[in-house]
Amino acid sequence: MTPLLTVDRVVKRFGGVAAVDGVSFTLDAGSVLGLIGPNGSGKTTLLGVLAGTHEPTEGTVTLDGRVASGRGAHRAVHAGIARTFQTTRLFETWTLREGLRLARGERRGRRTPWPDEAPVALLGLDHLLDRPCGALTGAAQRLAMIASALATGPRVLLLDEPAVGMDTADAAALGDAVRRVAGELGVAVIVVDHNMHFLMPLADTVVVMAAGAVLATGTPEEIRSDEAVIASYLGGA
Ligand SMILES: Nc1ncnc2c1ncn2[C@@H]1O[C@H](COP(=O)(O)OP(=O)(O)OP(=O)(O)O)[C@@H](O)[C@H]1O
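Residues numbered from 1 in each chain as written. Predicted model: local features only at pLDDT ≥ 70, side-chain atom pairs only at ≥ 80, totals over all residues. Heavy atoms only, no water.

With respect to the element layout, leucine 234 can be found in the segment after α9 (227–232). Counting along the chain gives ten residues from leucine 234 to arginine 224, while the straight-line C-alpha distance between them is 7.5 Å. Excluding residues within four positions of it along the chain, leucine 234 makes contact with Ile36, Met196, Met200, Ile223, Arg224 and Val229. (Helix = DSSP H or I, 4+ residues; strand = E, 2+ residues; numbered from the N terminus. Contact = heavy atoms within 4.5 Å.)

Next comes the structure, spelled out in structure tokens:
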């Protein structure tokens, strides 16, 4: 199977600092990739390259064989790459339905590739559509951010610390929802999170970054027992 997304030797320098230093991996449709590593290892910067907000200094990101990197965030969304952020960004007085309509407008003139109800139902938000976003629980607001990203009809979804601040039950429910999104919509998902109890059961593949580079790639089981990963990251996690 040809990968949906190919990250090929991506470098991102800020002045003299190589925040991302030659990262390569591939991602198939419907799969979940966990991106982990110590603080400052380059995960957020890499998400920015994938989401089009950072132009790579070297290397490319291709989606279905077409170069998707270095064209700005708006074109990345149009190409089919959507992201969420570490903080929730919702209009508090708007209902969830209104917020999702606004998000969908980012692809004005394009047909959405699945009925709008599907991602909302998969995320368990269908009964909350007419509530003001500000009245939703913190966990529901995080799911709403994911629904907003899915409203743009992406083929690749980037989640930046989606489980931060969640208790174990909410994080497990979020993990189940993300798996449904990948499995039933065929969306490829990249998740950055420091919560290994959340991330490891969720990911098909884990990429570990250290100092901007890939330290290890493997299944969650392989990564858990990788001595270099334990020494640099998991030992203290
Ligand atoms: N806009 C910027 N200008 C200069 N340096 C930056 C910029 N953004 C990130 N960096 C540097 O790049 C490196 C990687 O940072 P990044 O935020 O990508 O790491 P991270 O793995 O996401 O960390 P965390 O887990 O804390 O979110 C750090 O040394 C950081 O200081």
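Core analysis: the largest hydrophobic core is formed by 48 residues, its most contacted members being Ile36, Leu123, Leu125, Leu157, Val189 and Ile223. Counting residues per element, this core draws most heavily on helix α5 (residues 138–150), which supplies eight residues. The contact partners of isoleucine 223, leaving out residues within four places of it in the chain, are Ile36, Met200, Val206, Val208, Ala216, Thr217, Gly218, Val229 and Leu234. Grouped together as the second largest cluster of nonpolar side chains are 26 residues, Leu46, Val61, Ala68 and Val156 included. (Core = buried A, V, L, I, M, F, W, Y, C linked by side-chain atoms within 4.5 Å. Buried < 20%, exposed > 50% of the residue type's maximum accessible area, 1.4 Å probe, protein only.)

On to helix α1 (residues 43–50). Spacing of three or four residues puts side chains on the same side of an α-helix, whose turn is 3.6 residues. Across the eight residues that make up α1, a large majority, seven, are buried. Turning to α1, its buried residues number three or more, namely Lys43, Thr45, Leu46, Leu47, Gly48, Val49 and Leu50. At the exit of α1 stands glycine 52, carrying a positive phi of roughly 85°.

Time to look at the confidence of the model for the protein chain. Averaged over all residues, the pLDDT of the protein chain is 89; the fraction at 70 or higher stands at 93%. Taken together, the chains of this predicted complex give a pTM of 0.92 and an interface ipTM of 0.96. (pLDDT = per-residue confidence, 0-100.)

Along the chain, aspartate 160 turns up in strand β7 (residues 156–160). Residue aspartate 160 is classed as buried on the basis of its relative accessible area of 2%. Side chain to side chain, aspartate 160 and arginine 83 meet in a polar contact 3.3 Å long. (Polar contact = N/O pair within 3.5 Å; in protein donor to acceptor, adjacent residues only side chain to side chain.)

Close contacts around the ligand come from Phe14, Ala19, Pro38, Asn39, Gly40, Ser41, Gly42, Lys43, Thr44, Thr45 and His194, and that covers them all. Between asparagine 39 and the ligand, the recorded distance is 3.1 Å, taken from a side-chain N or O atom to an oxygen atom. Between the ligand and histidine 194 there is a distance of 3.0 Å, counted from an oxygen atom to a side-chain nitrogen or oxygen. Expressed as a share of its isolated accessible area of 640 Å², the protein-covered part of the ligand is 59%. With three residues, α1 is the largest single contributor of residues to the shell around the ligand. A breakdown of the residues in the shell around the ligand according to their chemical character gives three nonpolar, seven polar and one charged. (Near = heavy atom within 4 Å. Areas by Shrake-Rupley, 256 points an atom, 1.4 Å probe, with all protein chains shown as cover. Nonpolar A, V, L, I, M, F, W, Y, C, P; charged D, E, K, R; others polar.)

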